[in-house]
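A structural walkthrough
Below, each chain spelled out in residue letters.
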Amino acid sequence: MTIDKSWTQIRKRSNSVVFWQGLQSFLQMAKPHVNDCGFIRCPCNRCINNAQHQLEVLETHIHRFGFMSDYNEWIYHGENVNAASSSNVPQPNSGVHDRDEMFEVLEDIISNDAEVDQLGSQSSNVQYDDLFTALNSELYRGVSSFSSLNFLVKLMHLKVMNKWTNKSFDELLKLLKLAFPKMDLVESHYEAKKLMTKMGLGYQSIHVCKNDCALFWNENSMSETCSVCSESRWKMQEGRRTGKNVPHKVLRYFPLAPRLKRLFATSKTAKLMRWHQAGKSTDENVMRHPVDGRAWKDFDRKHPEFADDVRNVRLGLAADGFNPFNNMSISYSMWPVVLTTYNLPPWLCMKLEYLMLSILIPGPQSPGKDMDVFLRPLIEELKELWENGIDTRDAGNDRKVFKMRAALLWTVNDFPARSSLSGWSGQGYKACPTCNEDTPSMRVIGKTAYFGHRRFLPSTHRWRSNLDFDGRTERKRPTCRFSSVDIMDQLRRVKTSIPGKHPNYGGVKRKRGDDELNWRKKSIFYELPYWAEIELKHNLDVMHIEKNICDSLLGTLMGDPHKSKDTDNARRDLQHLGIRSELHLYEDGNKLMKPAAEYTFSEANRRKFCRLVRSVKFPDGFAGNLSKNVAHNDSRIVGLKSHDCHVIMQRLLPVGCRSLVNKTISSTIIELCTFFNQLCAWTVNVIDMVKAQDQLVIILCKLERIFPPAFFDIMIHLVLHLPEEAILGGPVYMRWMYPFERNAAKPEGSISEGYVVDEALTFCSRYFDDIETRFNRPDRNDDGIHRTSRLFVFESQCKPMGKQSQVYVEKNVRDRAEFYILNNSPEIETYLNQHKQELQLRGCLNPDEAHRNEFADWFFEKIYAMNRVHAPEVTHELLSLASKSNIFVSSYPACIVNGVRFVTHAHDVRLKTQNSGVSVPGTENEIFYGQLQQILEFSYLNDFSVVLFKCKWFRCDSRRMVTENNITSINITSESYKDDQFILASQAQQVFYVEDPSQDGMSDIDLLQDNSSSNFTLFVDLGNLPQINLQRNDGDVIPIVQPFTTVSQHVNKTASFLNDDDEDDVSEEDDETVEESADEETDEGNDDVDTEEDDDDRSYHTSDSD
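Below: a short report on this structure. (Residues numbered from 1 in each chain as written. Predicted model: local features only at pLDDT ≥ 70, side-chain atom pairs only at ≥ 80, totals over all residues. Heavy atoms only, no water.)

1. With respect to the overall build of the chain
Within the chain, the regular secondary structure consists of 30 helices and 36 strands. Classification of the 1106 residues of the chain by burial places 55% in the buried group. Contacts in the chain between residues far apart in sequence, at least 24 positions, make up 71% of those at least 6 positions apart. When the accessible surface of the chain is totalled, it reaches about 49,700 Å², and 48% of it is carbon and sulfur. (Helix = DSSP H or I, 4+ residues; strand = E, 2+ residues; numbered from the N terminus. Buried < 20%, exposed > 50% of the residue type's maximum accessible area, 1.4 Å probe, protein only. Contact = heavy atoms within 4.5 Å. Areas by Shrake-Rupley, 256 points an atom, 1.4 Å probe, with all protein chains shown as cover.)

What follows is the structure, encoded as structure tokens:
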């Protein structure tokens, strides 16, 4: 039967009865061929069979845009279905648009657009008209692989990836137009951004009262004045409006639901949204993702209907302020609110590409207590997503529609921002949100100290009755985490406060009643139906806690006048408490003298520690160049960012303090650093955290006995609660601020516009395979793809770096290397054992040596004899292995193996990084340490090769290697195993060495592959702590001021967490230089103290890295 298709050629379609009847016949024929969701390919001139829609939308599109002129056999709509695979039938993406990924991009975007699916009207797709026009146009005549849209999106993606300026992009467009006049391309970056925005999800601009009292939103959207303070919505000039209505403040809100729907719009991410169900740990004590934490499991138990569908979304929220102008002389604080999706696997959910900007709170002031005003749109949407959900098409399940719901698990913030979000003030005697009204605290001169951790000891512990801590016995009971019922009971007593900063309304300071404790408000999060029952509502940010503790420890140890907690008032506190008389200030004539304390470095030791930090060389990409943070006269360490403190706290401070202060003090600091190593591991063991909870009480008590009470700000106390939060929430690296603190140097409007464009480009880049994108970009130390082999040794490959050179290897050295290769080939173990048995039958006097010397020749003859009779087990790989290697060997100065960069020692000494340290496990669980001398590639027949590392191995006996407090020290001058120097490249683990400042010739080892909390054992030494003398043995005293009667009443301010804007992760060699203070003293003299050397051995330390 012939189908009448003449109606498809009619151009005047509006009043044509023939066209309308033909269209209806076509739709009737296509109706039986829709998919399960009611979708079918659209043959209009715009979609050209690349987009799928419902039949109602097809009717509208064909009527509006016309029918495809080259779609002659309707194979997708019921005609000649069996011929769908015929080569002469035009396929979608044919002709001009071969291999154009943008068809798939637009199809996924439009098919997930509920507005298009439901309305199907002529105006429903208007926003995509320009995109389809660009998609259907050639870049220039004769180019079939690039549409104009495809080229523009990839060009914009390159701009974002390589951080081109807008002006440079405009200049590039001009050059392209000049070189290719007929190219169909936009004229400017503005036009390109305008087109890209149509693929983005947009945002809402919401006006805000100038005093942060309320939003002009929903029922107040048309109001001219604030409903709280009656201030005008618009900026005024001399009591009049300006010519154009300009609001005082504008909040940018980025709706959450369409962004969550887009995660399911493409199969590239839809399947990943189920990872948390399939990827959770099978060991109940091992946590590698929040799904393994107790809080997630408790939430599933309380809300089983939510947990039943694994596609329901679990969110985390982070908020922090920053100055967008990169100019600290300008006081301005903008607050982005960012969401992350915990459904994703742990290696993705904290990546920048998967973080969603939700709210951009305008400056110039911090929102403070009025944070809830700005969170209102997000909370309303979260309530809707929890109670009703939203229809979403799942690309990972044949685009079937499901009801997606979402829940907010917790927030991640620094401590001041936590106060704004939770409503619990982080200041005063009850500052700890976990201890609540039972926070251990005391008043010292000018501040509150969070001192008194003996209350957490067992009731019979001997330290409870010791008077050396604060002059009193401790009889208080340990505090417990308050239950949800207790918290809600407290919140019922909190008075409702007026929002805003108007001096007559919300700006009036109100004194809290005693029954309100430290609550300033009932947080807006409690409007979420499930929030009150969540166990872990607001995470303590380990990043800022670790940084502030590092600053306090370093400042006090180094005697830094700006950051030391050992101030004059701290010594007076000791005098008032009647403890540690050896540290009291005393009068010497008309001077006030300050005895030197054991917990501060002497001047010589201070310089030693600075030289340690200046000289240390980390592996590539591991840390920034810390030498730039050391003052030129080796007297101070300045300008440390959060990640610098992270590295110093876990890697350098344990090594440095071990020899520069007495053992009691150093062991306590090392125990604290070891705990942070455990806590920050990628895989956390519940048992380790339970043990650490008890051991931290001992550590804090030991610190109380060492440092004055003024040392203990709230950051020190909060460490006590970190193990419990790790048990509740899982690994710390998914609950800290490092991924969120990425400052942008643009004002609010530009950030919003830029984010929408970047969001669209990120979505498009998932479909691009022919250019580098955020999703296919190789890692910094990517070693590429290697050929697979049946033999293990032939898979020992690397990505060579640097100049290749051909070297001649002496026969005895090559024989040892080849035997090592053969001896480490598990596939030929049968032949190895067979040769050993033959040697035993021969009665060989030294069978091991004979085996090493003779096996290679015996193996060669054996395999070739088997090959002559065509033995099936002789493969071309086995034959190549038996044939021995080429006489010339390729040598390289550096290579990348298993994502780790190795550099030979000769090349390494010229770099600012250290990548030559290697270790390898032995057959009896021992570990060998050494330095990489050569990287050698041995070539075999059939283009096979094996990469070996030739290493200098150090002696690892008990005299030359000592492990104490999780720090391994080894003597690197004593060489061993000179006849057994080779290992396979794939066997090497990277370590780096840190020179021990206490012993010449000793180094500490830091192993890079320890990523489990169980690899850092926390031992706490009780010792005889209460009997220590904290005055330095050198008897040094420090004159404070002259005369005595005018002693400064300087109060040491709280730690620097109030304004920590650090956003850097691991920085590279060329990070910016730290500027030293103008008033810093210059010291050209040489104050080094020579120490007596027992022998020529130089010792070094080893430690474990992330």
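2. Digging into the sheet that holds strand S11 (residues 356-361)
Taken in spatial order, the 8 strands of this open sheet run S4-S3-S7-S11-S10-S9-S14-S17, and their pairing is mixed. For this open sheet the edge positions go to strand S4 (215-216) and strand S17 (538-540), each flanked by a neighbour on one side alone. Docked against the sheet, helix H14 (residues 371-387) engages strand S3 (204-208), S4, strand S7 (249-253), strand S9 (313-319), strand S10 (335-341), S11 and strand S14 (406-413), running at close to 145 degrees with respect to S11. (Pairing = 2+ DSSP bridges. Axes fitted to C-alpha atoms, helices over the stretch in contact; angles between N-to-C directions.)

3. Side note on unusual backbone geometry
Between Gly363 and Pro364 the backbone carries a cis peptide bond, its omega angle lying at 5 degrees. Positionally, Pro364 belongs in the loop between S11 and H14. Backbone geometry places Asp634, a non-glycine residue, at a positive phi of 55 degrees. Mapped onto the secondary structure, Asp634 falls in the loop between helix H19 (603-615) and helix H20 (642-660).

4. With respect to the pairing of strand S28 (residues 945-954)
In terms of residue burial, S28 counts as a mostly covered element, since 9 of its 10 residues are buried. One ladder, built from 9 bridges, connects strand S27 (residues 927-939) with S28; its direction is antiparallel. Paired with Leu932 across the bridge in S28 is Cys951. The turn linking S27 back onto S28 is made up of 5 residues, and Asn942 within it adopts a positive phi angle of 60 degrees. Inspection of the sheet shows S28 paired to strand S32 (residues 982-984) by 3 bridges, in the antiparallel sense. Bridge pairing in S32 places Leu948 opposite Leu984. Of the strand pairs in this sheet, S28 and strand S31 (residues 975-976) are connected by 2 bridges, and their pairing is antiparallel. Its bridge partner lying in S31, Trp953 is registered against Ser976.

5. Some thoughts on helix H21 (residues 663-679)
Relative to the 24 Å expected for 17 residues at 1.5 Å per residue, H21 spans 24 Å between its end C-alpha atoms, a close match to the ideal helical length. In terms of residue burial, H21 counts as a mostly covered element, since 15 of its 17 residues are buried. The N-terminus of H21 is capped by Asn662, whose side-chain oxygen sits 3.1 Å from the backbone nitrogen of Thr664. (Expected span 1.5 Å × (residues − 1). Polar contact = N/O pair within 3.5 Å; in protein donor to acceptor, adjacent residues only side chain to side chain.)

6. Looking at the state of the cysteines
Tallying each qualifying case throughout the model produces 0 disulfides. We note that Cys673 lacks a disulfide partner, and the nearest cysteine sulfur, in Cys657, lies 6.5 Å from it. Assessed through its relative accessible area of 0%, Cys673 is described here as buried. (Disulfide = S-S within 2.5 Å.)

7. Quick word on the packing of aromatic side chains
Under the counting rule described, the total for this entry stands at 41 aromatic pairs. Note on Phe860 and Tyr864: the rings are 4.6 Å apart at their centroids and 40 degrees apart in plane angle, and the pair reads as tilted. Of the two residues, Phe860 and Tyr864 both sit in helix H28 (residues 847-868), 4 residues apart, roughly one turn of that helix. Taking the relative accessible area as the measure of exposure, Tyr864 reaches 25% and is therefore partly exposed. The ring of Tyr76 is capped by Arg41, whose NZ or CZ atom sits 5.0 Å from the centre of that ring. Between Arg405 and the ring centre of Trp386, over which it is positioned, the NZ or CZ distance is 4.6 Å. (Phe/Tyr/Trp six-rings, centres within 6.5 Å; stacked < 30°, edge-to-face > 60°. Lys NZ or Arg CZ within 6 Å of the ring centre and 35° of its normal.)

8. Section: helix H17 (residues 542-558)
An ideal rise of 1.5 Å per residue puts 24 Å on 17 residues; H17 measures up with 23 Å between its terminal C-alpha atoms. Summarising burial for H17: 17 of the 17 residues are buried, a large majority. Gly559, located one to two residues past H17, shows a positive phi value of around 65 degrees.

9. A look at the environment of Glu107
Of note, Glu107 is situated in helix H3 (residues 102-111). By relative accessible area, Glu107 is classed as buried at 15%.

10. With respect to the packing of H21 against helix H24 (residues 722-729)
At a minimum axis separation of 11 Å, H21 and H24 run at an interaxial angle of 10 degrees. Taken together, the axis directions place H21 and H24 in an arrangement best described as roughly parallel. Two secondary-structure elements touch here, H21 through Phe675, Phe676 and Leu679 and H24 through Leu722, Pro723 and Ala726. Split by residue class, the contact of H21 with H24 holds 6 nonpolar, no polar and no charged. (Parallel < 35°, antiparallel > 145°, perpendicular 65-115°, else oblique. Nonpolar A, V, L, I, M, F, W, Y, C, P; charged D, E, K, R; others polar.)

11. Re the pairing of S3
One ladder, built from 5 bridges, connects S3 with S7; its direction is antiparallel. Bridge assignment links His207 to a residue of S7, and that residue is Val250. In the sheet, S3 pairs with S4 via 2 bridges, with the strands oriented antiparallel. Along S4, the bridge assignment pairs Val208 with Leu215. Where S3 folds back onto S4 in an antiparallel hairpin, the turn is made up of 6 residues, including Asp212, whose phi is positive at roughly 60 degrees.

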